[in-house]
Amino acid sequence: MRALVVAAPGRLTLETRPRPQSAPEGWVLVDIARVGICGTDYHILEGNQPFFEYPRVIGHELSGRIAEDAHGFRRGDLVTVNPYVSCGKCRACLRGKPNCCTNIAVLGVHRDGGLAERLAVPAGNLYPADDLAPDQAAMVEFLAIGAHAVRRSRLTAEDRVLVVGLGPIGLGTALFAKARGAEVHLLDANAERLDALKGDFGFTHTHTLADGPQAVMAASGGAGFDVVFDATGSARAIEAGFAYVGHGGTYVLVSVVKDEIRFLDPEFHKREMTLMGSRNATREDFETVTAAMAGGTIDTAKLKTHAAHFPDVVAALSGWSADRRDIVKAIVTVAE
Ligand SMILES: [Zn+2]
Ligand SMILES: [Zn+2]
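Residues numbered from 1 in each chain as written. Chains lettered and ligands numbered in written order. Predicted model: local features only at pLDDT ≥ 70, side-chain atom pairs only at ≥ 80, totals over all residues.

## Structural notes on the overall build of the protein chain
Piece 1. A count of helical and extended segments in the protein chain gives eleven helices and 18 strands.
Piece 2. Relative to the globule expectation of 20 Å for 336 residues, the C-alpha radius of gyration of the protein chain, 20 Å, shows essentially globular dimensions.
Piece 3. Summarising its shape, the C-alpha atoms of the protein chain cover approximately 60 × 40 × 40 Å along the three principal directions.
Piece 4. Looking at the 336 residues of the protein chain, the share that counts as buried comes to 43%.
Piece 5. Taking all contacts inside the protein chain whose residues are at least 6 apart in sequence as the whole, residues at least 24 apart take part in 68%. (Helix = DSSP H or I, 4+ residues; strand = E, 2+ residues; numbered from the N terminus. Rg over C-alpha atoms; globule rule 2.2 N^0.38 Å. Buried ≥ 20, exposed ≤ 12 C-beta atoms within 10 Å, placed from the backbone. Contact = placed C-beta atoms within 7 Å.)

In C-alpha cells, the structure reads:
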C-alpha cells in the first residue's frame, strides 16, 4: 500500500509499504477514506513539533471503512477515528479522562497515522459514522476539540462569550458555543477571515485586534465576558485575554504554547476567575460533533476549503504548508 512518510523536516515521500493483514488483539483494520490536515501536520513537516520522532506516517483526522468484521463492526462500515490512543490504566484514564492519559499516543504524531491506505485502530477509538459523508467523518476530530472546550466551560445560553483566534480550532469552538445559544463574539487579527466567518457561519459580533481592547470590552457591555476561549497559539495573546474575562467568569485555554504565561494575581483573584486547560476530546465530544453534522447544525461544506487526491499528496501538502492563510480545512481523499 502507499503511505505518506515524513522522513525528516521538509522531506516527504509517498512510499510503498506492506498492507497490514491482521490487527493486534482489540484493534480493528480500517481502510482509510479521507484525511484532514491541520496545524500539527504542518508543524511536523516544518520541524516545529518538539520531541517529534522521524520518520513518521502522519495523518490523525481520519475517516475510513472497516476492513473486516470485528468487535461489532461490519466490513464496509464508515467510521470516524479518535486518534488519541490512551492506556486505560493510568489515574486519568481510570477517572474517565482518557483525553489527558499520562501515556497518550496520538496516531499520526506519536505512532504512525492515517495518510496510508490501511491502519489498525483500537476498537474503542472507532465511532460509527453511517449518517455522515466520508469528508464529514474526517472533520469530526478537529471540531471535537472545540466541542470539548465548550463542554468543559459549562457555558449556557445566558452567557456572553469571546473566542480569540479564529483558526480551525477557534472556529469549531465558536460554532459549538453558538449552538448552545450563547452570544458569541470573535476576536482575530485578520479582518478578511472575520468577514468570511460572518458570511459563511452567521457570526454577528466580530472584532479585529486593530479595534483595540476598549472596543472589545465595550462590546461585552463593559463588564467583560462570562467565558473567554483562547485559540491563538500565542503566549502574549493568552496573557492579554485575561483582561477580557468578567467577574465570576471562566478562561479556557484551548491552544497550547511552549512558553510561560504570566498574569497579575489581584486581577485574577478579584474576578474569582476559573482558569481551565482543555486538551484533545473524548467519545462524548466526537458524538456531539457527529450529531451536529448529521442534524445540519454545522455546515461542513463551508469548512472544506482545499482538497487533494492521495497520489498528489506530496505536492499538495507542500503547497498548503507554504501558504495556509485561506485554509480552513484541507482534505486528502485516500479512497472513495
Ligand atoms: Zn489536527
Ligand atoms: Zn492512561
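Alright, that's what it looks like, and here's the rest.
## A short note on the domain arrangement of the protein chain
Piece 1. Segmenting the protein chain into domains produces domain 1 (2–130 + 299–333) and domain 2 (145–277).
Piece 2. If you average the C-alpha positions of domain 1 and of domain 2, the two centres end up 29 Å apart.
Piece 3. Between domain 1 and domain 2, the contact holds six residues from the first and six residues from the second. (Domains from an automatic or database assignment.)

## Some details on the pairing of strand 14 (residues 225–230)
The side chains of a regular strand alternate, first on one face of the sheet and then on the other.
Piece 1. For strand 14, a buried count of six out of six residues is recorded, marking the element as mostly surrounded by other parts of the structure.
Piece 2. Pairing of strand 11 (residues 160–164) with strand 14, which is carried by four bridges, proceeds in the parallel orientation. Counted as the bridge partner of Val163 is Phe229 from strand 14.
Piece 3. Alignment of strand 14 against strand 15 (residues 245–253), held across five bridges, turns out to be parallel. Within strand 15, the residue paired with Val228 across the bridge is Tyr251.
Piece 4. The handedness of the strand 14 to strand 15 crossover, carried by helix 7 (residues 235–241), is right-handed. (Pairing = 2+ DSSP bridges. Right-handed = clockwise from strand over helix to strand, strands pointing away.)

## Section: the packing of helix 3 (residues 134–153) against helix 9 (residues 283–294)
Piece 1. Contact geometry of helix 3 with helix 9 gives a least axis separation of 7 Å together with a crossing angle of 120°. Considered as vectors, helix 3 and helix 9 are oriented oblique to each other. Between helix 3 and helix 9 the crossing geometry is right-handed. Between helix 3 and helix 9, the residues in contact are Gln136, Val140, Leu143, Ala144, Ala147, His148 and Arg151 and Asp285, Phe286, Thr288, Val289, Thr290 and Met293, respectively.
Piece 2. Among the residues forming the contact of helix 3 with helix 9, the class breakdown is seven nonpolar, four polar and two charged. (Axes fitted to C-alpha atoms, helices over the stretch in contact; angles between N-to-C directions. Parallel < 35°, antiparallel > 145°, perpendicular 65-115°, else oblique. Left-handed = near helix turned anticlockwise from the far one by under 90°. Nonpolar A, V, L, I, M, F, W, Y, C, P; charged D, E, K, R; others polar.)

## Describing the sheet that holds strand 14
Piece 1. One open sheet holds the six strands; their spatial order is 13-12-11-14-15-16, and the pairing between them is parallel. Two strands in the sheet have a free side with no partner beyond their single neighbour: strand 13 (205–208) and strand 16 (274–277). For this sheet the average axis-to-axis angle between neighbouring strands, irrespective of direction, equals 20°.
Piece 2. Direction of pairing for strand 11 relative to strand 12 (residues 183–188): parallel, over a ladder of five bridges. Residue pairing for strand 12: Val164 is matched across the bridge by Leu187.
Piece 3. In the packing of helix 5 (residues 191–201) onto the sheet, the strands contacted are strand 12 and strand 13, and the crossing angle to strand 13 comes to about 175°.

## A look at helix 4 (residues 168–179)
The α-helix winds at 3.6 residues per turn, so residues separated by three or four positions along the chain end up facing the same way.
Piece 1. Over its twelve residues, helix 4 runs 16 Å from end to end, which matches the ideal 16 Å to within 8%, given 1.5 Å per residue.
Piece 2. Extensive coverage of helix 4 is indicated by the burial of ten of its twelve residues.
Piece 3. Those residues of helix 4 that fall on the buried side of the exposure criterion are Pro168, Ile169, Gly170, Leu171, Gly172, Thr173, Ala174, Leu175, Phe176 and Ala177.
Piece 4. Residues of helix 4 that are buried sit in contact with helix 3, strand 11, strand 12, helix 5, strand 14 and strand 18 (329–333).
Piece 5. Looking one or two residues beyond helix 4, the residue adopting positive phi is Gly181, at roughly 90°. (Expected span 1.5 Å × (residues − 1).)

## Some words on the packing of helix 3 against helix 4
Piece 1. Orientation of helix 3 relative to helix 4, taken along the N-to-C sense of each, is 50°, at an axis distance of 7 Å. Looking at the two axes, helix 3 sits oblique to helix 4. Seen along the crossing, helix 3 lies across helix 4 with a hand that is right-handed. Where helix 3 approaches helix 4, its residues Phe142, Leu143, Ile145, Gly146, Ala147, Ala149 and Val150 are matched on the opposing element by Pro168, Ile169, Gly172, Thr173, Leu175, Phe176 and Ala177.
Piece 2. Here the residues of the contact of helix 3 with helix 4 sort into eleven nonpolar, three polar and no charged.

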